Amino acid sequence: MPVSVENSKVLYSALKASGVRLVSALPETWLVHLIQMAEDDPEMTLVRLNKEEEGVGVSCGAHFAGVKSAMLMQNHGFLASVNGIVSLAQLYRIPLLMLISYRGEMGERDPWQTEGGLATEPLLKSLGIPYRKLADPARVARDLAHAQTLAESSLRPVALLLTRDLMWEE
Amino acid sequence: MLRIDALNAIYPLLKDRIVVTNMGAAAVELYSLGHRKSFFYMEHAMGLASSVGLGLALCLPKQRIVVVDGDGSVLMNLGTLSTLARYRPPNLVHLIFDNESLLSVGGFPTATSTGTDLEAVAKGAGIERTATVREVEELEGVFSEAMAGEELSAIVAKVDAVGPASFAMDVGLLENRFEFARHIKELQGAEV
């Protein structure tokens, strides 16, 4: 499977370095290594979800308990989480670090991913969620740390889009 | 059984605990019995009260967490029951008031009015300790056992579709949220 193990490691190290100790996740191809790393790490609490929106609630509870968390999901999972993001994270000012695999972008071969790809950035913009696209592994640690810092200081959702360039090796 | 009577009966067991409620009548009624800094009334995001409870329970293993939920909210996020069962935090009690109605928005019948049995769903999802109660005394017994136990439990309390006269609460959403978070921080300070 040509999902980049190296760049998954870079992302996971950045998550750990930014203090994240709980991740919620729903499996998706590009995220398999990241989720496995969380599973294998005794310092990390991994919560496998049935639907991504549950993760907004789990992150909210973790925040109240003083634990930094992140959500790992595909962009379609982001689409499925919108009410939780708006009515819990934004309404109640909960920091939410969202790592979103950006399917349906340039180079996508799966026809079923393409509509979600088109909707992702316009939706992030319309919700007022700051986001950054991660493509260069050399920038991942800094961008992730910055996103985590902004989520905590603004008490709002912040998104990082994990692009094909970062996650996929052809 | 009226939900307000049920809440009144278990209030002594709730007042010093971390409690997360769903939106609407249950929040207002618990508030009317006496607000506590340890109560978080999640006034929206239907279905996520139990997910918030899961996050709290996993991150605060020394604290007992109570989620006060409703049939409409649980039906909106049924997958939460199997996520709870998967991690089965022993410090979480999920109390579901089932009035078979979306009372807060005008009393539309939910699927529990046409046969969906939430206790059976919870059990089928993998939660081993479950109960359905119909009387206040019965709830008191089952709830106090669950609170004393070391096992995830789901209690379905069948109640009449009767709510409070007013939904007004004199506590702001953000006021409640920050007070609740600060209370937990203080609890953690006391633990150390």
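Details of the structure are given in the entry above.
The structure presented is a predicted model; accordingly, all values stated were derived computationally and were not measured.

Engineer: Before we move on, can you summarise the nonpolar core with the specific residues and values?
Structural biologist: F64, F78, L88 and M98 of chain A together with L56 of chain B are the most contacted members of the largest nonpolar core, which totals 57 residues. Per-element accounting of this core gives the leading share, six residues, to helix α3 (residues 49-59) of chain B. Setting aside anything within four residues of it in sequence, one finds M98 of chain A in contact with M71, M73, F78, I85, I129, P157, V158, A159 and L160 of chain A. Counting 30 residues, the second largest nonpolar core, distinct from the first, contains M1, V28, V136 and L139 of chain B.

Engineer: Describe in detail the sheet that holds strand β3 (residues 65-70) of chain B, supporting the description with residues and values.
Structural biologist: Residue and element names in this part refer to chain B. An order of β2-β1-β3-β4-β8-β7 is seen for the six strands of this open sheet, with the pairing classed as parallel. In the strand order of this sheet, the two ends are held by β2 (39-41) and β7 (129-133), each with one partner. Across the sheet, the axes of successive neighbouring strands diverge by a mean angle of 15 degrees, strand direction being ignored. Where strand β1 (residues 18-21) and β3 come together, four bridges link them in parallel fashion. Looking at β3, one finds that V20 is bridged to V67. Along the sheet face, α3 touches β1, β3 and β4 (92-98) and points at about 170 degrees away from the line of β3.

Engineer: Residue-level account of the environment of L48 of chain B, with values.
Structural biologist: Structurally, the position occupied by L48 of chain B is in the loop between β2 and α3. C-alpha separation for the pair L48 of chain B and Y11 of chain B, spaced 37 residues apart in sequence, amounts to 23 Å. Not counting residues up to four positions away in its chain, the partners in contact with L48 of chain B are E53, E54, V56, G57, G84 and L88 of chain A together with M42 and N77 of chain B.

Engineer: Break down empty space enclosed by the protein for me, citing the residues and quoting the values.
Structural biologist: Residue and element names in this part refer to chain A. Under the definition given, this model contains two cavities of 30 Å³ or more. Within this model, the largest cavity holds a volume of roughly 60 Å³. Contributing to the lining of the largest cavity are S59, H63, V67, K68, S69, P95, L96, L97, Q148, A151 and E152. For the lining of the largest cavity, the elements supplying multiple residues, two or more each, are α3 (53-64), β4 (96-101) and α7 (137-154). For the lining of the largest cavity, the leading source of residues is α7, giving three residues. Counted by class, the lining of the largest cavity contains five nonpolar, four polar and two charged residues. Lining the second largest cavity are S24, A25, L26, L49, E52, M71, L72 and M73. Where the lining of the second largest cavity is concerned, the elements lending two or more residues are β1 (22-25) and β3 (69-74). Per-element tally for the lining of the second largest cavity: the top contributor is β3, with three residues.

Engineer: Any details on the side chain of N7 of chain A? Residues and values, ideally.
Structural biologist: Within the secondary structure, N7 of chain A is located in helix α1 (residues 5-17). Filtering out sequence-adjacent residues up to four positions away, N7 of chain A remains in contact with P137 and L166 of chain A.

Engineer: Explain a nonpolar patch on the surface to me, and be specific about the residues and the numbers.
Structural biologist: Residues L91 of chain A together with L173, L174 and F178 of chain B make up a contiguous nonpolar surface patch of about 290 Å² in total accessible area. Along the chain, the position of L91 of chain A falls in the loop between α5 (82-90) and β4.

Engineer: Before we move on, can you summarise the pairing of strand β2 (residues 45-48) of chain A with the specific residues and values?
Structural biologist: Residue and element names in this part refer to chain A. In the sheet, β1 pairs with β2 via four bridges, with the strands oriented parallel. Paired with V23 across the two strands is L46, which belongs to β2. Crossover connection from β1 via helix α2 (residues 32-40) to parallel β2: handedness right-handed.

Engineer: Tell me about the sheet that holds strand β6 (residues 157-162) of chain A, residues and numbers included.
Structural biologist: Residues and elements named next belong to chain A. Overall, parallel pairing links the six strands, which are arranged β2-β1-β3-β4-β6-β5 in an open sheet. A strand with exactly one partner marks an edge of an open sheet, and here the two such strands are β2 and β5 (131-134). The sheet shows a mean angle of 20 degrees between the axes of neighbouring strands, direction not considered. Most of the contacts of α7 go to β6, to which it runs at about 160 degrees, and overall it touches β4, β5 and β6.

Engineer: Before we move on, can you summarise the interface of chain B and chain A with the specific residues and values?
Structural biologist: The interface of chain B with chain A comprises 31 residues on the first partner and 29 residues on the second. Contact between chain B and chain A buries roughly 2,200 Å² in total, counting both sides, with carbon and sulfur atoms accounting for 67%. Together, L48, C59 and R177 of chain B form the three largest contributors to the area buried by chain B at its contact with chain A, with a combined 23%. Linking chain B with chain A are zero salt bridges. Counting across the interface, chain B meets chain A through twelve residue pairs in polar contact (both at pLDDT 80 or more). The set of elements that each furnish at least two residues to the side of chain B that touches chain A consists of β2, α3, α5 (79-87) and α8 (173-191) of chain B. No other element matches the eight residues that α8 of chain B contributes to the side of chain B that touches chain A. Split into classes, the residues belonging to the side of chain B that touches chain A amount to 19 nonpolar, nine polar and three charged.

Rules used throughout
Residues numbered from 1 in each chain as written. Chains lettered and ligands numbered in written order. Predicted model: local features only at pLDDT ≥ 70, side-chain atom pairs only at ≥ 80, totals over all residues. Heavy atoms only, no water. Core = buried A, V, L, I, M, F, W, Y, C linked by side-chain atoms within 4.5 Å. Buried < 20%, exposed > 50% of the residue type's maximum accessible area, 1.4 Å probe, protein only. Helix = DSSP H or I, 4+ residues; strand = E, 2+ residues; numbered from the N terminus. Contact = heavy atoms within 4.5 Å. Pairing = 2+ DSSP bridges. Axes fitted to C-alpha atoms, helices over the stretch in contact; angles between N-to-C directions. 1 Å grid on protein atoms, 1.4 Å probe; cavity = no way out; pocket = protein on both sides within 12 Å on 5 of 7 lines; lining within 4 Å. Points joined across faces, edges and corners; volume = space filled by probe spheres on them. Nonpolar A, V, L, I, M, F, W, Y, C, P; charged D, E, K, R; others polar. Patch = residues over 30% accessible without salt bridge, like charges linked within 9 Å, V, L, I, M, F, W, Y side chains within 5 Å. Areas by Shrake-Rupley, 256 points an atom, 1.4 Å probe, with all protein chains shown as cover. Salt bridge = Lys/Arg side-chain N within 4 Å of Asp/Glu carboxyl O. Right-handed = clockwise from strand over helix to strand, strands pointing away. Buried area = accessible area lost by both parts, 1.4 Å probe. Polar contact = N/O pair within 3.5 Å; in protein donor to acceptor, adjacent residues only side chain to side chain.

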